Amino acid sequence: MGHGDGGGRVLGSHAGGIRRRLALLLVVPALLTGCSDPPGGTAGAAVAVPSASSSATKPADSPDPNEPGTLHASVRKHAKAAGVDPVLVMAILFNESYKPHDAAAQQLWLALNPNASLGVANMHRAAYDDTKRGRDFAKRAWEDLAEDPDLAIEAEAWYLHDLARSLPTHRAGSLTLDELLALGYNTGPSNMRAFARGVQPGPMAQTYLDQLHDNWAKSTAALA
């Protein structure tokens, strides 16, 4: 759920080496996005940037275990358990696939920016820690998201569940429930509730929503 990972400060004396390694992994440079809620209040990136491929690290015929379309079983399972739309869960994964999610790339990203988001669903530490309370994955650490796509999807689904519970009973405007939850995932719960009262999404939030619409058909197909 994230604010994106842009603007991170470089730590230690090996920053140049880390940057070169990131370039080799084709990690997109900083300035991915930002959001108006405080850290940990959101789960996604506000705007898309060109997706980087980690195919250089695996055989060409090997499926990417972090590619959203390969994660349909986890999406179905956790969306059902959390009582949320599986197509929404999948579409958000596609929205969040703007950067590589292999564990090595994420660890390097985290070294550049300790406030980075982790996992295939791009979740920040504070949001994950809030979501896991009282749940089956309560003992799992936020850092585990980098190596466990199933955990990342489970946390995403339950975060969407929690967002839905925080929506007002009476809503204004034309946004659907799924659209509001996607905006909540991207911009945070307080902004989501403002949109539910009829406030119009700004340009960055609208971009995220447009991407969701673009990804809806292939998300439906991936779950078929």
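Just so it is clear, the structure is predicted and the values come from calculations on it, not from any experiment.

J.: Could you give an account of the overall build of the chain, naming the residues involved and the relevant values?
T.: Along the chain, the regular secondary structure elements total nine helices and zero strands. In the chain, the order of α-helices and β-strands from amino to carboxyl end is α-α-α-α-α-α-α-α-α. Burial analysis of the chain (224 residues in total) assigns 50% to the buried set. Considering only intrachain contacts with a sequence separation of at least 6, the fraction spanning at least 24 residues in the chain is 74%.

J.: Tell me about the nonpolar core, and name the residues and values.
T.: Note on soluble globular proteins: their nonpolar side chains tend to be buried together. Leu93, Met123, Tyr128, Leu145, Leu160 and Tyr185 are the most contacted members of the largest nonpolar core, which totals 50 residues. When neighbours within four sequence positions are excluded, Leu145 is seen to be in contact with Leu118, Gly119, Met123, Tyr128, Leu151 and Ala152.

J.: Got a sec to walk through the packing of aromatic side chains? Specific residues and values, please.
T.: Summed over the entire model, instances satisfying the criterion amount to two aromatic pairs. On the numbers, 5.7 Å between centres and 75° between planes, the contact of Tyr159 with Tyr185 is edge-to-face. Note that Tyr159 is positioned in helix 6 (residues 149-165) and Tyr185 in helix 7 (residues 177-187), a separation of 26 residues in sequence. Neither Tyr159 nor Tyr185 differs from the other in exposure class; each is buried. Cation over ring: Lys99 sits above Trp109, and NZ or CZ is 4.6 Å from the ring centre.

J.: Quick rundown of helix 3 (residues 86-95)? Include the residues and the values.
T.: Among the 10 residues that make up helix 3, nine are buried, leaving the element largely enclosed by the rest of the structure. Turning to helix 3, its buried residues are Val87, Leu88, Val89, Met90, Ala91, Ile92, Leu93, Phe94 and Asn95. In this structure, the buried residues of helix 3 make contact with helix 2 (72-82), helix 6, helix 7 and helix 9 (203-222). The N-cap residue of helix 3 is Asp85: its side-chain oxygen and the backbone nitrogen of Val87 are 2.9 Å apart.

J.: Describe in detail the side chain of Asp102, supporting the description with residues and values.
T.: Residue placement: Asp102 occurs in the loop between helix 3 and helix 4 (103-112). Residue Asp102 is classed as buried on the basis of its relative accessible area, which comes to 16%. A distance of 3.0 Å separates the side chain of Asp102 from the backbone nitrogen of Ala105, its partner in a polar contact.

J.: How would you sum up unusual backbone geometry? Please name residues and give values.
T.: Positive phi outside glycine occurs at Asn122, with the angle close to 55°. Exposure remark for Asn122: the relative accessible area of 0% places this residue in the buried category.

J.: Give a detailed account of the pattern of salt bridges, specifying residues and quantitative values.
T.: Per the stated rule, a full pass over the model turns up six salt bridges. The partner of Arg125 in a salt bridge is Glu143, and the shortest N-O contact between them spans 3.1 Å. Taken together, the positions of Arg125 in helix 5 (residues 125-132) and Glu143 in the loop between helix 5 and helix 6 put the pair 18 residues apart, joining distant regions of the chain. When the shortest N-O distance is used, the salt bridge between Asp129 and Lys132 registers 3.8 Å. Remark: Lys132 and Asp129 occur in helix 5; sequence separation between them is three residues, near one turn of the helix. Asp129 sits in the partly exposed class, given a relative accessible area of 27%. The exposure class assigned to Lys132 is buried, which follows from its relative accessible area of 16%. A cluster of three or more residues bridged by salt bridges with shared partners is formed by Arg140, Asp144 and Asp148.

J.: Summarise the side chain of Asn95; cite the residues concerned and give the values.
T.: In this structure, Asn95 sits in helix 3. A distance of 3.4 Å separates the side chain of Asn95 from the backbone nitrogen of Leu212, its partner in a polar contact. When neighbours within four sequence positions are excluded, Asn95 is seen to be in contact with Tyr208, Gln211, Leu212 and Asn215.

J.: Hey, could you go over the environment of Glu179 for me, with residue numbers and the actual values?
T.: Mapped onto the fold, Glu179 is located in helix 7. On the basis of relative accessible area, Glu179 is assigned to the buried category, the value being 14%. Distance in space between the C-alpha atoms of Glu179 and His213 is 9.0 Å, their sequence separation being 34 residues. Ignoring sequence-local partners within four residues, the contact set of Glu179 consists of Ser174, Leu209 and His213.

Conventions we followed
Residues numbered from 1 in each chain as written. Predicted model: local features only at pLDDT ≥ 70, side-chain atom pairs only at ≥ 80, totals over all residues. Heavy atoms only, no water. Helix = DSSP H or I, 4+ residues; strand = E, 2+ residues; numbered from the N terminus. Buried < 20%, exposed > 50% of the residue type's maximum accessible area, 1.4 Å probe, protein only. Contact = heavy atoms within 4.5 Å. Core = buried A, V, L, I, M, F, W, Y, C linked by side-chain atoms within 4.5 Å. Phe/Tyr/Trp six-rings, centres within 6.5 Å; stacked < 30°, edge-to-face > 60°. Lys NZ or Arg CZ within 6 Å of the ring centre and 35° of its normal. Polar contact = N/O pair within 3.5 Å; in protein donor to acceptor, adjacent residues only side chain to side chain. Salt bridge = Lys/Arg side-chain N within 4 Å of Asp/Glu carboxyl O.

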